[in-house]
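Understanding the architecture of this molecule
Single-letter residue listing:
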There are 2 protein chains.
Amino acid sequence: MQPGYNSISSVDEKMMARTLAYANAALDKGSVGIAALLSRRDEILDLEHNQFQETRDAIDHAEMVVLRRMARYLSQLSEEEKRELTLYSSLEPCLMCMAAISFAGLKRVVFSAYNADGTDEVTVARGLTSEQVNQALTRGPLTLLGGVQREEGREILARMGKLRASVPAD
Amino acid sequence: MQPGYNSISSVDEKMMARTLAYANAALDKGSVGIAALLSRRDEILDLEHNQFQETRDAIDHAEMVVLRRMARYLSQLSEEEKRELTLYSSLEPCLMCMAAISFAGLKRVVFSAYNADGTDEVTVARGLTSEQVNQALTRGPLTLLGGVQREEGREILARMGKLRASVPAD
């Protein structure tokens, strides 16, 4: 296990800045401003944004596109090697992506804005948090580290018109 | 809304028989024996089995492959037209697929075997049922009709060596 596995390192900060920059760039060109990056130690394996504008496929979330593209690579890694991977997302992964990340054998996820930062449009489920899903995962729980550069993540939601005015009290 | 929307019709029985036959055929050729079929009224739009053996992609569940392949078609349907669709699965959809089905705008799902019929290997989450996920879906709940030709679905799980010896009491 790497140092800093359960905490945020300078590599994480760099990877998240890259992820958020990519989400902003996607927005600039009229695409959905949600991005995901897959790294192994300090190497970027893949980086993509939500492809809905391009494919009209509602399940083409950034995380799903990256997992699909890297599937063959991932299938060849040992459990130990998979511990060197981190998936970064500009927004807390939804229910679907959480389950997909688990199926793919990833162990560590770092995200910026929380789902609760966004309007209902960005959430797939009410009253069922990623943390609850994470605790229920048969092959989990994943190491889930949220709120990294959260303000920048929230700004992207605001640019998309999807920032919740106030985080609900419950 | 069609007649029989909340109950099982003869068309459903026919579609499920077709889905289960396809799952068995996939098993016969050494693939994963889980299949999904998408219909619009009494027309089959797509039919596929879990593609893990072919692609080594752990998220290539039968439902996901069908949703992805039909994404452009689905994106052109109105909400009313989407009510003419049914997704059939030989096995109760997992967390990931439930969320994906909801994102894709489908409203009605019919499945054969329950996740609880299978070993832990076929479930992505413990203590979190499809019904609970369904109730939480922001764009849900879906009409979820399970246990159709369940014995045939259980037999396929048995062929895969994934039938749970007994359904847990809890």
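What counts as what
Residues numbered from 1 in each chain as written. Chains lettered and ligands numbered in written order. Predicted model: local features only at pLDDT ≥ 70, side-chain atom pairs only at ≥ 80, totals over all residues. Helix = DSSP H or I, 4+ residues; strand = E, 2+ residues; numbered from the N terminus. Rg over C-alpha atoms; globule rule 2.2 N^0.38 Å. Contact = placed C-beta atoms within 7 Å. Nonpolar A, V, L, I, M, F, W, Y, C, P; charged D, E, K, R; others polar. UniProt positions renumbered as here; feature names shortened; annotations may be inferred. Pairing = 2+ DSSP bridges. Axes fitted to C-alpha atoms, helices over the stretch in contact; angles between N-to-C directions. Least-squares fit on C-alpha atoms with pLDDT ≥ 70 in both. Buried ≥ 20, exposed ≤ 12 C-beta atoms within 10 Å, placed from the backbone. Arc of directions from axis to C-beta.

Helix and strand content of chain A: 8 helices and 5 strands. For chain A, the α and β elements follow one another from N to C terminus as α-β-β-α-α-α-α-β-α-β-α-β-α. Here chain A has a C-alpha radius of gyration of 15 Å; the compact-globule value for 170 residues is 15 Å, and the two agree. If you line up chain A on its principal axes, its C-alpha atoms span 40 × 35 × 30 Å. Looking at chain A alone, contacts between residues at least 24 apart form 64% of all its contacts between residues at least 6 apart.

At the interface, 31 residues of chain A touch 31 residues of chain B. Among the elements of the structure, helix 3 (62–69), helix 4 (71–75), helix 6 (95–103) and helix 7 (130–136) of chain A are those that each provide at least two residues to the side of chain A that touches chain B. The leading source of residues in the side of chain A that touches chain B is helix 6 of chain A, at 6 residues. Class assignment of the residues belonging to the side of chain A that touches chain B gives a composition of 18 nonpolar, 7 polar and 6 charged.

Attention now moves to the UniProt feature "domain: CMP/dCMP-type deaminase" (unreviewed entry) in chain A. This chain's UniProt record puts "domain: CMP/dCMP-type deaminase" (unreviewed entry) on residues 10–131 of chain A. The span residues 10–131 of chain A is 42% helix and 21% strand, and its two end C-alpha atoms sit 24 Å from each other.

Residue and element names in this part refer to chain A. Spatially, 5 strands are ordered 2-1-3-4-5 in an open sheet, and the strand pairing comes out mixed. Each of the sheet's edge strands pairs with one partner strand only, and the pair in question is strand 2 (43–49) and strand 5 (143–145). Pairs of neighbouring strands in the sheet enclose a mean axial angle of 15°, with direction left out of account. In this structure, strand 1 (residues 35–40) lies alongside strand 2, joined through 6 bridges in antiparallel fashion.

Here the focus is the sheet that holds strand 3 (residues 85–91) of chain B. All names here are of chain B. With respect to topology, 5 strands assemble into an open sheet ordered 2-1-3-4-5, the strand pairing being mixed. One side of each edge strand has no neighbouring strand; the edge strands of this open sheet are strand 2 (43–49) and strand 5 (143–145). In this sheet, adjacent strand axes meet at a mean angle of 15° when their direction is disregarded. The strands that helix 8 (residues 150–159) touches are strand 3 and strand 4 (108–113); relative to strand 4, the one it contacts most, it runs at about 60°.

This paragraph deals with the relation of the copies chain A and chain B. Superposing chain A onto chain B takes a rotation of 180° plus a shift of 0.0 Å along the axis, which leaves an RMSD of 0.0 Å. One copy is carried onto the other by what is essentially a two-fold rotation axis. Identified as the residue of chain A closest to the rotation axis by C-alpha distance is Met96(A), at 2.0 Å. Of the residues that chain A buries at the interface, 100% are likewise interface residues in chain B, meaning the two copies contact each other through the same surface.

With that out of the way, let us pick up helix 8 of chain B. Residues of helix 8 of chain B that are buried: Gly153(B), Ile156(B) and Leu157(B). Taken end-on, helix 8 of chain B shows its buried residues confined to a sector of 100°, consistent with a single buried face.

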